[in-house]
Amino acid sequence: MSTYSFEPIPEDLSPDQRLHWKRRQLTAQNTLEIQAMAGTVANSETIDCFRRYVRGEISLGQAIEQARRQLAQEHASFRQHLNRRNMI
């Protein structure tokens, strides 16, 4: 069972659109769960990127790239924090 929640499938979608929505949702859930198994639990910004992907607003590649950028920013901020602590 996934720990990530996504919006329900809109009722006004065609059967084909519903199928694509379900596929994107499963892909997003799997991607986030694999990331968590690798040791990095997704933050709310990353989850929001994948919610946009599920809604069809951005591509999977764009969601992954945004998640990578956010993760890199988090790591850089953490490194700066550690460097400041070590200077004290």
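Residues numbered from 1 in each chain as written. Predicted model: local features only at pLDDT ≥ 70, side-chain atom pairs only at ≥ 80, totals over all residues. Heavy atoms only, no water.

**Some words on the overall build of the chain**
So the rule is basically this: Secondary structure elements follow DSSP: runs of H or I of four or more residues count as helices, runs of E of two or more count as strands, with numbering from the N terminus. Atoms considered for the radius of gyration are the C-alpha atoms alone. The globule rule reads 2.2 Å times the number of residues to the power 0.38. Any two residues having at least one pair of non-hydrogen atoms within 4.5 Å are treated as being in contact. In these tables, accessible area is a Shrake-Rupley quantity obtained with a 1.4 Å probe, and a residue counts as shielded only by the protein chains included in the view.
Counting its regular elements, the chain contains three helices and zero strands. Ordered by position from the N terminus, the helices and strands of the chain form the series α-α-α. Compactness check: the chain gives a C-alpha radius of gyration of 16 Å against a globular reference of 12 Å for 88 residues, more than 25% above the reference. For the chain, the spread of C-alpha atoms along the principal axes amounts to about 60 × 25 × 15 Å. Partitioning the contacts of the chain with sequence separation of at least 6, the portion at a separation of at least 24 is 48%. When the accessible surface of the chain is totalled, it reaches about 6400 Å², and 54% of it is carbon and sulfur.

**Focus on the nonpolar core**
As a rule of thumb, nonpolar side chains are buried together in soluble globular proteins. The cut-off we apply is this: Residues belong to a common nonpolar core when they are buried Ala, Val, Leu, Ile, Met, Phe, Trp, Tyr or Cys residues joined through side-chain atoms within 4.5 Å. Note on exposure labels: buried denotes an accessible area under 20% of the residue type's maximum, exposed denotes more than 50%, and partly exposed covers the range between, all computed with a 1.4 Å probe on protein chains only.
Ranked by size, the top nonpolar core spans 14 residues in total, and within it Y4, F6, A28, L32, F50, Y53 and V54 carry the most contacts. Mapped by element, the contributors of at least two residues to this core are α1 (15–37), α2 (44–54) and α3 (60–87). The element that contributes the greatest number of residues to this core is α2, accounting for four residues. When neighbours within four sequence positions are excluded, Y4 is seen to be in contact with Q29, L32, E33, A36, V41, A42 and I47.

**Digging into the environment of H81**
Within the secondary structure layout, H81 lies in helix α3. Judged by its relative accessible area of 35%, H81 falls in the partly exposed class. Note: C-alpha distance between H81 and Q70 (11 residues apart in sequence) is 17 Å.

**Points about the confidence of the model for the chain**
This is how the line gets drawn: Each residue carries a pLDDT score, the predictor's confidence in it, ranging from 0 to 100.
Per-chain confidence: the chain averages 88 in pLDDT, with 95% of residues scoring 70 or above. Confidence, expressed as mean pLDDT per element, reaches its minimum in the chain at α3 with 82 and its maximum at α1 with 94.

**Side note on α1**
Note the threshold: Expected helix span is given by 1.5 Å per residue-to-residue step, counting one fewer step than there are residues.
With 23 residues, α1 should cover 33 Å at 1.5 Å per step; its first-to-last C-alpha distance of 33 Å lies within 8% of that length. Along α1, the residues classified as buried are W21, R24, Q25, A28, Q29, L32 and Q35. The elements touched by buried residues of α1 are α2. Among the residues trailing α1, G39 stands out with phi positive, at a value near 110 degrees.

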